[in-house]
Structures are given as C-alpha cells and as structure tokens.
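Coordinate analysis (summary)
The lines below spell out each chain.
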Amino acid sequence: MHDIRFTVNGQAEHATVPATLTLLDLLRDRLALTGTKEGCGIGECGACTVLLDGKPITSCLMLAVEANGHSIETIEGEAVGGELSVLQQAFIDEGATQCGFCTPGMIMSARGVLSRTPNPSYEEIIEAIAGNLCRCTGYEAIVAAIQLASERLADDAQKGRLP
Ligand code: FES
Ligand code: FES
C-alpha cells in the first residue's frame, strides 16, 4: 500500500492505495466523484478525462500512486457556487450534449485547450477533442460550444470578469 497526497479541484486529499489502483477508480470509488465516466477502461474513449496539473489525461490509464504530489481537476470543479461554468453553459446553449456520457471528458479536454490557447482555431479544437469519442452529437455542436465558450471568456476578460 502507498500513502499519497494530492489535490482534487483545489482541495487537499490523502489516500492509502494499492499499487494497481487506477486514478479513475480512486476518483469514482474512493472519493465518490462519479462525474468522471468509465467507458472503455483502456484509453480509447476519453470518457475518463481529467486534468493533471492542467493537462488532460485519461485517468483509466494512470495509476493512483502517480497522482502523488499533483493537482487533479474533474468535472465536479467546473460549477462554482451552484453556477455553471462558461464551458458548461456553452455546451447547453449549443445543444452539445445528448446522452451526456462523453460530456464530462469533453469539457475537461476543452478546459485543457482553452487554458493553453484562449482563442483556439477550429483545427486546434478538433485536435484537443480527438481522443474523446461521442456517439450522439456528430461533434459539430461540441466544437461550436468550445468556440462559444472561448468568445465568452474573451469578452469576460475584456470586461474584467472572472471565468
Ligand atoms: S474509460 Fe478511459 S479512455 Fe475510456
Ligand atoms: S452526448 Fe452521447 S456520447 Fe456524446
């Protein structure tokens, strides 16, 4: 067993975990953060995407012990004080979520690209979500939602509002 310390959505966490436990299982089963979805479990679908130190990763392929000393962000950290984030609202406004299974992972990948590139091109958005599979939407509404969030965040920054 290994003692690990890390943060999830800014909150300090501590856990004692076996070497084989995945970060996905730590989040879902130990911390009850079930917004992060398990689809394939083998790194193919992106449903389990979270941010590790700001970078999107597939949590089903990462061991929990590797999270020691790192910062994790999950979909549960998006809404603050009961208010949807700009990205979440843009997904609703563009009709970018249908069954919703891919949505948490999509939003974390979108969060990753927007933090690196506040005004991403169409191609950069496509590349950012290339590892996230969606069986429902046909992707165009998702790309439009990320573009809309980018525009709204730029507008908020100009007006001095927080994202
Ligand atoms: S559940 Fe991790 S990539 Fe599919
Ligand atoms: S909304 Fe159903 S898988 Fe994407």
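Values in this document were obtained by computation on a predicted structure and should not be read as measured data. (Residues numbered from 1 in each chain as written. Chains lettered and ligands numbered in written order. Predicted model: local features only at pLDDT ≥ 70, side-chain atom pairs only at ≥ 80, totals over all residues. Heavy atoms only, no water.)

Side note on helix 5 (residues 140-158)
Short version of the rule: In DSSP terms, a helix is any run of H or I states spanning at least four residues, a strand is any run of E spanning at least two, and both are numbered starting from the N terminus. For a helix, the expected span equals 1.5 Å multiplied by the number of residues minus one. Burial classes follow relative accessibility: with a 1.4 Å probe on protein chains only, a residue under 20% of its type's maximum area counts as buried, one over 50% as exposed, and anything between as partly exposed. Contacts: residue pairs with any heavy atoms within 4.5 Å of one another.
Over its 19 residues, helix 5 runs 27 Å from end to end, which matches the ideal 27 Å to within 8%, given 1.5 Å per residue. For helix 5, the complete set of buried residues consists of A141, I142, V143, A145, I146, L148, A149, S150, L153 and D156. Looking at the packing, one finds that the buried side of helix 5 touches helix 2 (86-93), helix 3 (103-116) and helix 4 (122-128).

Focus: the side chain of T36
Among the structural elements, T36 can be located in the loop between helix 1 (23-30) and strand 3 (49-52). Owing to a relative accessible area of 2%, T36 belongs among the buried residues under this scheme.

A closer look at the sheet that holds strand 5 (residues 71-73)
Heads up, the condition is: A pair of strands is treated as paired once DSSP finds two or more bridges between them. For every element, the axis is a line fit to its C-alpha atoms; helices are fit only across the contacting stretch, and the angle between N-to-C directions ranges from 0 to 180 degrees.
Overall, mixed pairing links the 5 strands, which are arranged 2-1-5-3-4 in an open sheet. Where the open sheet ends on each side, the last strands, each with one partner, are strand 2 (11-17) and strand 4 (55-58). Strand-to-strand, the axes of this sheet are offset by a mean angle of 40 degrees, without reference to chain direction. Bridge count between strand 1 (residues 2-8) and strand 5: 2 bridges; the pairing is parallel. Residue pairing across strands places V8 opposite I72, the latter belonging to strand 5. Across the sheet, helix 1 touches strand 1, strand 2, strand 3, strand 4 and strand 5, and the angle it forms with strand 2 is around 105 degrees. Lying over the sheet, helix 3 contacts strand 3, strand 4 and strand 5, oriented at roughly 35 degrees with respect to strand 3.

Topic: the environment of T36
Once the C-alpha coordinates of T36 and L114 are considered, the two residues, 78 residues apart in sequence, prove to be 19 Å apart. The contact partners of T36, leaving out residues within four places of it in the chain, are L24, R28, A47, C48, V50, S59, T74, I75 and E76.

Some remarks on the domain arrangement of the chain
Worth spelling out the cut-off: Each domain span listed reflects an automatic or database assignment of domains. Put simply, buried area is how much 1.4 Å-probe accessible surface two parts lose in total, over both of them, once they are put together. Salt bridges are defined by distance alone: a side-chain nitrogen of Lys or Arg within 4 Å of a carboxyl oxygen of Asp or Glu. Distance and chemistry together define a polar contact, namely a pair of N or O atoms within 3.5 Å, with one atom able to donate a hydrogen and the other to accept it when in protein, and with adjacent residues in sequence counting only for side-chain atoms on both sides. Under the scheme applied, nonpolar residues are Ala, Val, Leu, Ile, Met, Phe, Trp, Tyr, Cys and Pro; charged residues are Asp, Glu, Lys and Arg; polar residues are all the others, including Gly.
Domain annotation of the chain identifies domain 1 (2-77) and domain 2 (86-158). Tallying the contact residues gives 16 residues for domain 1 and 14 residues for domain 2. Both sides of the domain 1 and domain 2 interface together cover about 1,100 Å² of buried area, and 66% of this is carbon and sulfur. Remark: the boundary between domain 1 and domain 2 carries 0 salt bridges. Where domain 1 touches domain 2, the interface holds 4 residue pairs in polar contact (both at pLDDT 80 or more). With 3 residues, strand 3 is the single largest residue contributor to the side of domain 1 that touches domain 2. Tallied by class, residues from the side of domain 1 that touches domain 2 come to 6 nonpolar, 6 polar and 4 charged.

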